[in-house]
Amino acid sequence: MKKSIKLFSLISLLFFAADRIVYNTISSIDKQVFTGQTGGKVNQFLTLKDSVNLLVFGNSRASHHLDTKLLDSISYNAGADGSRIGYSTALVSVLEKKEQTILVHIDHWDIYDSEYKGKDVLSFLSLASKNEDISRFISEIHPKEIYTSKIFNCYVYNGKFLSLLKNYFSPKYDVNHYYGYDPLTPNQEQKEIFKKLIDKTDFKNFNYSDSISILPNPIVDSFIEKIKVKCKKNNSKLVFFTSPTLKNNQEGLLLKTKEYFNSKGVIYYDYSKFIDISDVSNWQDFTHMSEKGANLFTKKIKEDILN
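Residue numbering note: each chain is counted from 1, following its sequence as written. In keeping with the model being predicted, local features are shown solely for residues with a pLDDT of at least 70 and side-chain atom pairs are shown and tallied solely at 80 or more, while totals for entire chains, interfaces and linings include all residues. Processing note: side-chain calculations cover all non-hydrogen atoms of the structure and skip hydrogens and water entirely.

### Thoughts on the pattern of salt bridges
Basically, it comes down to this: Counted as salt bridges are all cases of a side-chain nitrogen of Lys or Arg within 4 Å of a carboxyl oxygen of Asp or Glu. Segments assigned H or I by DSSP are reported as helices when at least four residues long, segments assigned E as strands when at least two residues long, and all are numbered from the N terminus. For each residue, the accessible area found with a 1.4 Å probe, counting protein chains only, is set against the maximum for its type, and the residue is called buried under 20%, exposed over 50%, and partly exposed in between.
Under the definition given, this model contains 16 salt bridges. For R84, the salt bridge is made with D110, and the minimal N-O distance between the two is 2.8 Å. Placement of R84 in the loop between strand 2 (75-77) and helix 5 (85-92) and of D110 in helix 6 (residues 108-112) is noted, with a sequence separation of 26 residues between them. Note that R84 is salt-bridged to D113, the shortest N-O span being 2.9 Å. Of this pair, R84 sits in the loop between strand 2 and helix 5 while D113 is found in the loop between helix 6 and helix 7 (132-141), placing the two residues 29 residues apart along the sequence. Look at D113 and you get buried, because its relative accessible area is 17%.

### Section: the sheet that holds strand 2
Note the following rule: Pairing between strands is defined by DSSP: at least two bridges between the two strands are required. All axes are obtained by fitting lines to C-alpha atoms, using only the stretch in contact for helices, and the reported angles, taken between N-to-C directions, cover 0 to 180 degrees. Contacts between residues were defined by any pair of non-hydrogen atoms, one from each residue, lying within 4.5 Å.
Taken in spatial order, the 5 strands of this open sheet run 2-1-3-4-5, and their pairing is parallel. This sheet does not close on itself; its edge strands, each paired only once, are strand 2 and strand 5 (267-270). The mean angle between the axes of side-by-side strands here comes to 15°, regardless of whether they run parallel or antiparallel. The pairing of strand 4 (residues 237-242) with strand 5 spans 4 bridges and is parallel. Directly across from F241, in strand 5, lies its bridge partner Y269. On top of the sheet, helix 5 reaches strand 1 (54-57), strand 3 (101-105) and strand 4; it is set at about 155° to strand 1, its chief contact. Helix 13 (residues 291-306) rests against strand 1, strand 3, strand 4 and strand 5 of the sheet, and its axis sits at about 140° to strand 4.

### Quick notes on the packing of aromatic side chains
We describe a pair of aromatic rings using the distance from one ring centre to the other and the angle between the two ring planes. The criterion, for reference: Each aromatic pair joins two rings of Phe, Tyr and Trp (for Trp, the six-membered one) with centres within 6.5 Å, and gets the label stacked for planes under 30 degrees apart, edge-to-face for over 60, and tilted for any other angle. Should the NZ of a Lys or the CZ of an Arg lie within 6 Å of a ring centre and within 35 degrees of the ring normal, that charge is described as sitting over the ring.
Within the structure shown, the criterion is met by 18 aromatic pairs. A ring pair is formed by F45 and F57, whose centres lie 5.9 Å apart and whose planes are at 80°; its orientation type is edge-to-face. Remark: F57 occurs in strand 1 and F45 occurs in helix 2 (residues 36-48); sequence separation between them is 12 residues. Judged by relative accessible area, F45 falls into the buried class, the value being 1%. Ring centres of F240 and F261 lie 5.1 Å apart, and the angle between their planes is 35°; on these two criteria the pair is classed as tilted. In this pair, F240 sits in strand 4 while F261 sits in helix 12 (residues 251-264), placing the two residues 21 residues apart along the sequence. Judged on exposure class, the residue F240 and its partner F261 are both buried. Each member of the aromatic cluster is reached from another via a ring pair, and the members are F241, Y269, Y271, F274 and F297. Positioned over the ring face of Y179 is K69, at 5.2 Å from the centre of the ring. For the cation-ring pair, K256 lies above Y112, with the distance from its terminal atom to the ring centre recorded as 4.3 Å.

### With respect to the environment of N262
Turning to its location among the elements, N262 is positioned in helix 12. Look at N262 and you get exposed, because its relative accessible area is 61%. Along the backbone, N262 and G36 are 226 residues apart, and their C-alpha atoms lie at a distance of 36 Å.

### Considerations on a nonpolar patch on the surface
To keep things clear, this is the line we draw: Here the term patch refers to residues with relative accessible area over 30% and no salt bridge, with like charges joined within 9 Å and nonpolar side chains (Val, Leu, Ile, Met, Phe, Trp, Tyr) within 5 Å. For the accessible areas, the method is Shrake-Rupley and the probe is 1.4 Å, while residue cover comes only from the protein chains on display.
Residues F15, F16, I151, F152 and Y155 make up a contiguous nonpolar surface patch of roughly 440 Å² in combined accessible area. Mapped onto the fold, Y155 is located in the loop between helix 8 (143-151) and helix 9 (161-169). Assessed through its relative accessible area of 32%, Y155 is described here as partly exposed.

### Remarks on the side chain of H288
Convention followed: In protein, a polar contact requires one atom able to donate a hydrogen and another able to accept it; more generally it is a pair of N or O atoms within 3.5 Å, and residues adjacent in sequence count only if both atoms are side-chain atoms.
Take H288: it is sitting in the loop between strand 5 and helix 13. Classification of H288 by relative accessible area gives buried; the value is 15%. Engagement of the side chain of H288 in a polar contact is seen with the side chain of S60, the distance being 2.7 Å. Within polar-contact distance, the side chain of H288 engages the side chain of T287 at 3.2 Å. Residues in contact with H288, not counting those within four places in the same chain, are S60, R61, H64, H65, L184 and W283.

Laid out in structure tokens, this is it:
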């Protein structure tokens, strides 16, 4: 029995020692990566977040749709593919500079999605031990994840290591000339495929799902409130917006979304119908604009919000 206890204790000790050693190794690599959406783009954001005048947050419909340099020469687009409002809120929570312009993209259905649990904030788990604001933010939503990461340090890099390693040895782009905007430029084959899809689509019935909650998701509501409070504290100009899409939203949902932001006392612009399908070259797919379309949209944002 004693031998078994000793063996178990030894194995446990070796396991935790190996966990710490591997974690420190990966963490040292992570600190030197500034490209890629696994963590490099966030690392770059953290180095310049308090030196820029304007910031954009949101999912791929933010990162691919707003050329921030056309809005302000000292700016950054922190949008990330597949992210939700929790991801944006986590990034906003670490801002310290006063009087910035903060643009946050959100889709109508995001506000009323009852299935959303805020799991996108776990993308920042690897930063929790290095940033108190991030740690506190995640703890409020997913405290068990923080506890687990403190016991098993390598847990925070689950599913990230290979991508970090790839960007460490072979960066995707020159970070010195990157400001977060990722334009989409379809090639000829993609244009032809999309044109065929357009011809087959009945846009009158091409809608987003109607299976949404009547009331705002309380987690989403709390995130929007946190962004509002942070921007008020920093005396920053906050604007929420929805970028163009070829999918239709019910008029009732559009009106409800506007009323929601009015009740929050937050500026909101709905551009979901700004660019139609009359010029196919403005689009990459049904929900993402091409660089040409994004340029038109950015100019519209500048005209409405900044001027």
